[in-house]
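Summary of structural features
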Amino acid sequence: MSDQETLLQEKEGASVQEELKIVGKTAPARILEFATGHRLALPIHTTLEIVEDPEIFPVPGTAPHGMGILPWQESWIPVIDLGRLLLQQDTPLEEGKVKYVLTLAYQRVAGEPLEYCAVLLPRLPETVFVSDEMACKLPDDSPLWPRVSLSCFTYKGEPTPIVDTARLFGRSYETAE
Amino acid sequence: MTMDEQTLSTEQGKYVLLRADKLRLLMPQTEIDAIEHLDSQPQPSEIPCFLTMPDGGDTCYLVLSDDFTLLETCPDDRFVTTRITTEEGMETEWCWSETRVLQDFTPEIYEIPAILLNTASPLRQYTLMDNQPVFVCSSYTLQQLLLGVEHE
C-alpha cells in the first residue's frame with residue numbers, strides 16, 4: 001500500500017469518527033410493535049421491504065409461529081408470527097387478515113450468503129435513533145430475549161430489545177417447544 | 001420401512017400429485033398400489049377418522065384436511081382414492097379431490113425453512129408447481145398419521 005493510500009484510509013477513518021461525534025453516538029433502529037405493548041428493535045440495514053397484501057402459502061403441521069412461505073424476489077421465504085414466537089400469543093390482525101409483512105435479511109456466518117424471512121406487521125414500523133444513555137435491562141416477557149438480543153433500550157417508557165436477526169431467525173425452534 | 005426410506009428420490013420418475021382441497025402433496029407412484037374412482041362417500045365408523053363403506057368390508061378410508069390432519073367426515077369434493085398398504089398389511093384408501101400422474105417428472109426439492117418446523121412437523125420438503133408449493137409426502141408419512149389416531 002502506498003503512503004498516499006494509507007493517508008487516504010486514515011482520512012476516511014477520521015471522517016467516520018467525526019460523523020459519530022456529530023450524531024452523538026446514536027444509531028438508527030427500526031422499531032416493530034409486534035404485539036400490543038410489546039416492541040423490539042432491529043438494526044436498520046436488516047429491514048428490507050414492507051409487502052402489502054402478501055400471498056402467504058400455509059405449510060401444514062408447522063410450529064405455531066410459522067405462518068407459511070411467501071414468494072418474494074425469486075425465492076420463497078418463511079413468514080413468522082413474532083407474537084407467537086416470543087410471547088406465545090397471536091399477533092393481532094385487522095379482520096384476521098395479514099395486511100403487511102416486513103421482509104428481513106440475516107447472515108448466519110460472515111461471508112455466507114444472506115438469508116431472508118418475513119414477519120407479520122400489525123403496525124407500520126418506526127425509525128428511532130438510539131444512544132447509550134437509553135440502555136436498560138431486557139424485559140422478562142419472553143425467555144428468548146437473552147439469546148437473541150444485542151442490547152436493550154427504553155422507548156416510550158418500555159424496554160425494547162435490539163434483536164440480532166441471525167440469532168432470532170437463523171435457527172430451529174424444534175427443540176425449544 | 002427405515003427412516004432413510006422416508007427421503008424421497010429427486011430423480012426423474014413417476015410421481016402423483018394428490019390434492020385435498022387446498023393441500024397439495026407429491027408422492028412417488030411406486031408407493032401407491034392403485035388409484036380408483038370413489039363412487040359413494042365413505043361414512044364415519046366407531047373409530048374417529050377411520051371411515052368405511054357400508055359394503056366395503058374392513059377397508060379403511062381416510063380423508064385429509066388442508067392442514068394435514070385427518071377429518072372425521074368425507075367432504076363432497078373427494079371422489080378419487082389412492083390405495084396404500086401399511087407395514088402391517090392393512091389396506092387403506094385415501095380420499096382426494098384430485099390426483100394427477102406426472103410422467104417423467106423431475107421435481108426440484110426445497111427444504112422447508114427450519115424456523116417453521118417443530119418436532120412433530122410431518123412435512124419437511126416441498127417443490128413448486130404452477131407457482132405454488134406442493135409438499136413432498138411418502139406413504140410412511142401418511143401411516144404416521146394413522147398411528148397418531150390409534151394412540152389417541
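Thresholds, definitions, all that
- Residues numbered from 1 in each chain as written.
- Chains lettered and ligands numbered in written order.
- Predicted model: local features only at pLDDT ≥ 70, side-chain atom pairs only at ≥ 80, totals over all residues.
- Heavy atoms only, no water.
- Phe/Tyr/Trp six-rings, centres within 6.5 Å; stacked < 30°, edge-to-face > 60°.
- Helix = DSSP H or I, 4+ residues; strand = E, 2+ residues; numbered from the N terminus.
- Buried < 20%, exposed > 50% of the residue type's maximum accessible area, 1.4 Å probe, protein only.
- Lys NZ or Arg CZ within 6 Å of the ring centre and 35° of its normal.
- Salt bridge = Lys/Arg side-chain N within 4 Å of Asp/Glu carboxyl O.
- pLDDT = per-residue confidence, 0-100.
- Contact = heavy atoms within 4.5 Å.
- Buried area = accessible area lost by both parts, 1.4 Å probe.
- Pairing = 2+ DSSP bridges.
- Axes fitted to C-alpha atoms, helices over the stretch in contact; angles between N-to-C directions.
- Disulfide = S-S within 2.5 Å.

**A few points about the packing of aromatic side chains**
Residues and elements named next belong to chain A.
- The final tally for this structure, using the stated rule, is six aromatic pairs over all chains.
- Consider the rings of F34 and W145, whose centres lie 6.2 Å apart with planes at 65°: the pair is edge-to-face. With F34 in strand β1 (residues 27–35) and W145 in helix α3 (residues 145–148), the pair connects residues that are 111 residues apart, well separated along the chain. The burial state of F34 is the same as that of W145; both residues are buried.
- Its guanidinium or amino end placed over the ring of Y173, R171 lies 4.0 Å from that ring's centre, counting from NZ or CZ.

**A word on the pattern of salt bridges**
Residues and elements named next belong to chain A.
- With the rule as written, the count across this model stands at 13 salt bridges over all chains.
- Linking R39 and E33 is a salt bridge whose minimum nitrogen-to-oxygen distance equals 3.9 Å. Take R39 and E33: they sit in the same class, and that class is buried.
- Close ionic contact of E126 with K156 constitutes a salt bridge, the shortest N to O distance being 3.6 Å. Taken together, the residues span a long stretch of sequence, with E126 in strand β8 (residues 126–130) and K156 in the loop between β9 (149–155) and β10 (158–163) at a distance of 30 residues.
- A single network of salt bridges, built from pairs that share partners, joins E33, R39 and R123.

**Comments concerning the confidence of the model for chain B**
- With 89% of its residues at a pLDDT of at least 70, chain B reaches an overall mean of 86.
- Note on residues 1–9 of chain B: pLDDT under 50 across the span, and 13 contacts to partners over four residues away in sequence or across chains.

**So, the interface of chain B and chain A**
- Each partner contributes to the interface: chain B provides 22 residues, whereas chain A provides 24 residues.
- Roughly 1700 Å² is buried in total at the junction of chain B and chain A, and carbon and sulfur atoms are behind 69% of that figure.
- Counting the contacts that link chain B with chain A gives zero salt bridges.
- Listing elements by their share of the side of chain B that touches chain A, those giving two or more residues are β11 (125–129) and β12 (132–136) of chain B.
- A total of three residues in the side of chain B that touches chain A trace back to one element, the largest contributor, which is β12 of chain B.

**What to know about the sheet that holds strand β7 (residues 115–120) of chain A**
Residues and elements named next belong to chain A.
- Spatially, β3-β6-β7-β5-β4 is the arrangement adopted by the five strands of the open sheet, whose pairing is mixed. On the outer flanks of this sheet lie β3 (47–52) and β4 (66–72), each paired with one strand and no other. Strand-to-strand, the axes of this sheet are offset by a mean angle of 30°, without reference to chain direction.
- The pairing of β4 with strand β5 (residues 75–80) spans six bridges and is classified as antiparallel. Across the sheet, the residue bridging to P71 is W76, located in β5.

**Some points on the state of the cysteines**
- Tallied over the full model, the rule gives zero disulfides over all chains.
- Cysteine C136 of chain A shares no disulfide, and the gap to the nearest cysteine sulfur, in C152 of chain A, comes to 3.6 Å.
- The partly exposed category is assigned to C136 of chain A, whose relative accessible area is 29%.
- Here C60 of chain B is not cross-linked by a disulfide; its sulfur's nearest cysteine counterpart is in C95 of chain B, at 9.1 Å.
- Owing to a relative accessible area of 4%, C60 of chain B belongs among the buried residues under this scheme.

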